[in-house]
Amino acid sequence: MRLDLFLKWSRVILRRTLAKATCDAGRVTVNGQEARAGREVRVGDVISVRLPRRQLSFRVRSLPSHAPSKENAREMIEFGGAE
């Protein structure tokens, strides 16, 4: 799954175009390396996103085959222990 699509589906970033722009600006890393929007994301990857007022770091728990519901979106990521 593409990184920008994962960020949208997990609701870390609400629009795919904004997720792509964030990646293009160099504010997203996967496993400690700067990542582009088209990078493939796998279960177990650690993603860090620098937003204007905070930094998020989380581990990928699952990759659904279709867009999850709002309730199920949070099950895609795991906060804490991602260091």
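Residues numbered from 1 in each chain as written. Predicted model: local features only at pLDDT ≥ 70, side-chain atom pairs only at ≥ 80, totals over all residues. Heavy atoms only, no water.

1. Brief notes about the packing of aromatic side chains
What counts is decided by this rule: Paired rings are identified among Phe, Tyr and Trp, the last through its six-membered ring, by centres lying within 6.5 Å, and are further divided according to the angle between planes into stacked (under 30 degrees), edge-to-face (over 60) and tilted (the rest). Strands here mean DSSP runs of E at least two residues long; helices mean DSSP runs of H or I at least four residues long; both are numbered from the N terminus.
Scanning all chains against the criterion turns up 1 aromatic pair. When the ring of F58 is compared with that of F79, the centres are 5.9 Å apart and the planes differ by 65°; the resulting orientation is edge-to-face. Residue F58 is found in strand β4 (residues 55-60), and its partner F79 is found in strand β5 (residues 77-79); the two are separated by 21 residues along the sequence.

2. Overview of the sheet that holds strand β1 (residues 28-30)
The following threshold applies: DSSP bridges decide pairing: two strands pair if at least two such bridges lie between them.
Ordered by their spatial adjacency, 5 strands build an open sheet running β2-β1-β3-β4-β5, and the pairing between neighbours is antiparallel. Two strands in the sheet have a free side with no partner beyond their single neighbour: β2 (33-34) and β5. Of the strand pairs in this sheet, β1 and β2 are connected by 2 bridges, and their pairing is antiparallel. When the sheet's bridge partners are listed, V30 is paired in β2 with Q33.

Structural measurements only, silent on function.
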